[in-house]
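# Report on the structure
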Protein chains: 2
Amino acid sequence: MVEHERVGELKTLLASRDWHALRRALADLHPADASETIGFFEPDEAVVLFRLLGRHKAEVFAYLAPEQQQNVIRSTEPAQLARMVSQMSPDDRTRVLEELPATVAHALLGRLPASDMKHSLALLSYPENTAGRYMTPNYVAVRPDMSAAEALAHVRREGKGKETLNVIYIVERDGKLVEDLRLGGLVLADPDAKVTDIADPGVVSLIDSTPAEEVLHLFEKYDRVALPVTDGDGRMLGIITVDDVLDVAEEQATKDMQMLGGVEALDAPYDEVSFWDMVRKRGGWLAVLFVGEMLTATAMGFFEHEIARAVVLALFVPLIISSGGNSGSQAASLIIRALALKELTNRDWLRVFRRELLSGLVLGGGLGAIGFARIVLWQRLGFANYGEHYLLVAITVWLSLIGVLCFGTLSGSMLPFILRRLGFDPATSSAPFVATLVDVTGLVIYFQVAAHILRGTLL
Amino acid sequence: MVEHERVGELKTLLASRDWHALRRALADLHPADASETIGFFEPDEAVVLFRLLGRHKAEVFAYLAPEQQQNVIRSTEPAQLARMVSQMSPDDRTRVLEELPATVAHALLGRLPASDMKHSLALLSYPENTAGRYMTPNYVAVRPDMSAAEALAHVRREGKGKETLNVIYIVERDGKLVEDLRLGGLVLADPDAKVTDIADPGVVSLIDSTPAEEVLHLFEKYDRVALPVTDGDGRMLGIITVDDVLDVAEEQATKDMQMLGGVEALDAPYDEVSFWDMVRKRGGWLAVLFVGEMLTATAMGFFEHEIARAVVLALFVPLIISSGGNSGSQAASLIIRALALKELTNRDWLRVFRRELLSGLVLGGGLGAIGFARIVLWQRLGFANYGEHYLLVAITVWLSLIGVLCFGTLSGSMLPFILRRLGFDPATSSAPFVATLVDVTGLVIYFQVAAHILRGTLL
């Protein structure tokens, strides 16, 4: 791999203390590559490499993982650090500051030039996961009465160092956003045309309090590379660029997937979470589920006499309850994702209910038939001995599976709706959560069905 | 909601057959909004609305869901249809053609102008989920010897109708890609500067066979709005834009999440998959898991005598095996996602193995302690009667949980690596799959531990 060759080469240069060659090798790297490469080194080596970086220092820093950033911070002079952080783009700076421990972040903020500090504090004052947190005030604005030629001249004067020039914003003197305008459109336009005539009619904009998932949805829907953010009165505050949104999409999907698996969101790569943090984030849910699952022992205890009289019943307990759990996991994963992508909304619940109930009946009927066949075949072929009433046991298993699968599909599909209605993240209804719910209920269903079918024979 | 007001308004206009007002109302909508709105109507109404669309027809069509597209295709004259499809951008056209049934797609292709047909066939000839499938040949290229002013004049001449003008490509006469260049950079540059001096050194490009997930990774890493695609010799073939990549990110996350939940990827929104397709995609995996889970009945049968002698053992079966399944779901969801995001690679397996083994020991020890306390407390408080050897039973549960959780975390974390090694998608190791594996093994662990601890007392 190219990456590993590069790391090897740098290690050799580092060992021979060839600072000049190291500096040159690092200067040739894209900031994203440089930060990735530095990530392969031990903390003290990483700091040496970081110091040898040239003008890209601030950009490379923004790409580093939080621990590596702290490592750099610890070993860099405060004044130099402040200079570097003030060179970062405002949205990158917000990202860095919000991931650092509060004390470190505050110390850094205090050393920034006044205007940078003001900007950063403004962005950090937005609640997490809202549009305000992801925006940058670094955009180019033109006035509605400008011609294309004037606007282009304005871009030439003001454009340097802006987050993006791909989209230009037409803003009134009072700060109200009028339209957005692609730079490409401006370049192609007749120089005398008015900018408001070049822009596509109907601007898509976000309010600063828009939640991150809605931001993502709008970017996807309208296929934009940047969207403007305004306050409630339509006054332009900043822009969000698509690269940040791509990160949001990945983070959101990661969080949902981890929650679906029954883990509290890690909020960092697997390798960068400390062992005890990881154990805590997994152990918390595991313990809650374990306590819930203890109800199975209570339920089983309730049917202890039935088990003692017909041990054959116990044999199928894992088969039946796990099938319910599986159908619940399936339903939960489908519904959670559909809700996240806005394919389904709260008011669709009844339609989903009907569909999942029907799915449960069909799937339960099918699995039950396989279970029935398995019991009858094993008995007839002599692989197992389920007693003289094996046919009744097989029917019990079949009917129980129908009931348990219906309960599974309904729990898995309805819990996300219910959690959302209660103000929780639908993804909280993890596969293990649904499975636990279905395990307990599944046992009750199974033993109730058994009590009806087997009364007077086995029970 | 604005959307529903809009739909209501259009329904009223449609009922009063006010074609003129309908046409005007539709013309004002962004293509994404128009297609979303049309999606709320019955098929025959949707076709009427679609016919009333003005110049945006092709764009709106590209946004429609596949069924709605087929609905429109069925009710549109072939010549008109071909005209519309040829107006679409090449990448949108690929997307539409690949989602249509093959016969419909071929009929459409046959009616396209020769050059469009050639382009489309070329793009469709790339394997699914490779860079070639997502690219468009609609970009602006300039020669390396041009000055900024010449390049800008070239953009003005050639730029109309291109997929994006945000990035311009410097291409040699023989088609070799030299650099890419942001339009913003070109606008800001000294008019006499050579284009090769304006471009950032070091172009990031993709080969046409690059898999979609790698494309996504590169866009994330380098924060680009477009990346060039070349053949193996570095000759420019087309570009991929970030809006398509955002869709890829969502699709990939959806697929992984559905697979994690134990469902074959639906490849369409929940609501748009027919009931029987959905049952098939869920039933297949459920049946496989059910057959695997039958081994639990075999395992339980193997320990039938132990259960008959000590019914108390059966009570804790669901608790123990489900805890193993939960820890496996957690591990699987973490590792699958970390592999998808390239936070982990194949060679990290040993490190993950050690970490997960340790997690299993710690988590199992903790849950086991809770289980031990529960049994002892319930016995002492008189909530349950687990017999005179309840302490031994409690120890059995504790030790079994340590074993089962270790097996759970290891199965959940190692299966994704193994599957990937074997050429499968790591996400195939779904939560239900891991749970089933752990259920069967968990039973064996539990009864083995019981046999050792309880020999001579209960057993």
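Please read all numbers here as calculations on a predicted model, not as lab measurements.

## Describing the interface of chain A and chain B
Between chain A and chain B, the contact holds 114 residues from the first and 114 residues from the second. Interface of chain A and chain B: buried area, both sides summed, is about 10200 Å²; carbon and sulfur atoms make up 66% of it. Counting the surface chain A buries against chain B, the share from its top three residues, M257, Y270 and R355 of chain A, is 8%. Across the chain A-chain B interface, the total number found is ten salt bridges. Residues D271 of chain A and R351 of chain B are paired through a salt bridge, measuring 2.9 Å at the closest nitrogen-oxygen approach. Looking at the side of chain A that touches chain B element by element, the count peaks at 18 residues for helix α17 (residues 275-302) of chain A. Classifying every residue of the side of chain A that touches chain B by side-chain character gives 64 nonpolar, 25 polar and 25 charged.

## Structural notes on the sheet that holds strand β4 (residues 206-207) of chain A
Residues and elements named next belong to chain A. Taken in spatial order, the three strands make up an open sheet running β4-β5-β6, and their pairing is mixed. In this open sheet, the two edge strands, each paired with only one partner strand, are β4 and β6 (236-241). With five bridges joining them, strand β5 (residues 226-230) and β6 adopt antiparallel strand pairing. Residue pairing for β6: A226 is matched across the bridge by T241.

## Looking at the sheet that holds strand β3 (residues 177-182) of chain B
All names here are of chain B. Strand order across the open sheet formed by three strands is β1-β2-β3, with mixed pairing between neighbours. In the strand order of this sheet, the two ends are held by β1 (141-142) and β3, each with one partner. Here strand β2 (residues 167-171) pairs with β3 via five bridges, running antiparallel. Within the sheet, the bridge partner assigned to I168 lies in β3 and is L181.

## Focus on the relation of the copies chain A and chain B
When chain A is brought onto chain B, the operation consists of a screw motion whose angular component is 180 degrees and whose axial shift is 0.0 Å, with 0.1 Å RMSD remaining. This pairing of chains is accounted for by a two-fold axis. Residue by residue, 100% of the interface of chain A is reproduced at the interface of chain B, so both copies engage with the same surface.

## Notes on the nonpolar core
Counting residues in each nonpolar core, the largest one holds 100 residues, and the members touching the most others are F316 and F447 of chain A together with F316 and F447 of chain B. For F316 of chain A, the residues in contact, after removing those within four places along its chain, are I375, Y386, V393, V397 and Y446 of chain A together with A297 of chain B. With 62 residues, the next largest nonpolar core counts A131, Y139 and L246 of chain A together with Y222 of chain B among its residues.

## Focus: a negative patch on the surface
A cluster of acidic side chains, namely E99, E128, E251, E264 and D267 of chain A, defines a negative patch on the protein surface. With respect to the helices, strands and loops of the structure, E128 of chain A is situated in the loop between α10 (114-124) and α11 (131-134).

## Side note on the packing of aromatic side chains
As enumerated under the stated definition, the model contains 22 aromatic pairs over all chains in all. Between W285 of chain B and F433 of chain B, the aromatic rings sit 6.0 Å apart at their centres with planes inclined by 40 degrees, giving tilted as the arrangement. A residue pair is termed long-range when its members are at least 10 positions apart, and W285 of chain B in helix α17 (residues 275-302) and F433 of chain B in helix α23 (residues 431-454) qualify at 148 residues. Taking the relative accessible area as the measure of exposure, W285 of chain B reaches 24% and is therefore partly exposed. Judged by its relative accessible area of 25%, F433 of chain B falls in the partly exposed class. These aromatic residues form a ring-pair network of at least three members: F302, F303, Y446 and F447 of chain A. Sitting above the plane of the F41 of chain A ring, K11 of chain A keeps its charged end 5.1 Å from the centroid. One cation-aromatic arrangement involves R355 of chain A over Y270 of chain B; the distance from NZ or CZ to the ring centre is 5.2 Å.

## Things to note about the pattern of salt bridges
Between side chains of opposite charge, pairing is possible as soon as their charged atoms come close. A full pass over the atoms with the stated rule returns 30 salt bridges over all chains. E98 of chain A is the partner of R95 of chain A in a salt bridge, and the nearest nitrogen-oxygen pair spans 3.5 Å. Of the two residues, R95 of chain A and E98 of chain A both sit in helix α8 (residues 90-99), three residues apart, roughly one turn of that helix. It is possible to trace a salt-bridge network through shared partners that takes in D33 and E36 of chain A together with K221 of chain B.

## What to know about the domain arrangement of chain A
One can read the domain layout of chain A as domain 1 (2-126), domain 2 (141-250) and domain 3 (270-454). Here domain 1 of chain A and domain 3 of chain A have C-alpha centroids that lie 50 Å from each other.

## Describing the packing of helix α20 (residues 317-340) of chain A against α23 of chain B
Running from amino to carboxyl end, α20 of chain A crosses α23 of chain B at an angle of 165 degrees, the nearest separation of the two axes being 10 Å. Classified by the interaxial angle, the pair formed by α20 of chain A and α23 of chain B is roughly antiparallel. At the point where α20 of chain A passes α23 of chain B, the crossing takes the right-handed sense. Every residue of α23 of chain B that contacts α20 of chain A at P318, S322, N326 and S329 of chain A is listed here: P432, T436, D439 and L443 of chain B. In terms of residue class, the contact of α20 of chain A with α23 of chain B is built from three nonpolar, four polar and one charged.

What counts, and where the lines are drawn
- Residues numbered from 1 in each chain as written.
- Chains lettered and ligands numbered in written order.
- Predicted model: local features only at pLDDT ≥ 70, side-chain atom pairs only at ≥ 80, totals over all residues.
- Heavy atoms only, no water.
- Contact = heavy atoms within 4.5 Å.
- Buried area = accessible area lost by both parts, 1.4 Å probe.
- Salt bridge = Lys/Arg side-chain N within 4 Å of Asp/Glu carboxyl O.
- Helix = DSSP H or I, 4+ residues; strand = E, 2+ residues; numbered from the N terminus.
- Nonpolar A, V, L, I, M, F, W, Y, C, P; charged D, E, K, R; others polar.
- Pairing = 2+ DSSP bridges.
- Least-squares fit on C-alpha atoms with pLDDT ≥ 70 in both.
- Core = buried A, V, L, I, M, F, W, Y, C linked by side-chain atoms within 4.5 Å.
- Buried < 20%, exposed > 50% of the residue type's maximum accessible area, 1.4 Å probe, protein only.
- Patch = residues over 30% accessible without salt bridge, like charges linked within 9 Å, V, L, I, M, F, W, Y side chains within 5 Å.
- Areas by Shrake-Rupley, 256 points an atom, 1.4 Å probe, with all protein chains shown as cover.
- Lys, Arg positive; Asp, Glu negative; His and termini not counted.
- Charge placed at Lys NZ, Arg CZ, Asp CG, Glu CD.
- Phe/Tyr/Trp six-rings, centres within 6.5 Å; stacked < 30°, edge-to-face > 60°.
- Lys NZ or Arg CZ within 6 Å of the ring centre and 35° of its normal.
- Domains from an automatic or database assignment.
- Axes fitted to C-alpha atoms, helices over the stretch in contact; angles between N-to-C directions.
- Parallel < 35°, antiparallel > 145°, perpendicular 65-115°, else oblique.
- Left-handed = near helix turned anticlockwise from the far one by under 90°.

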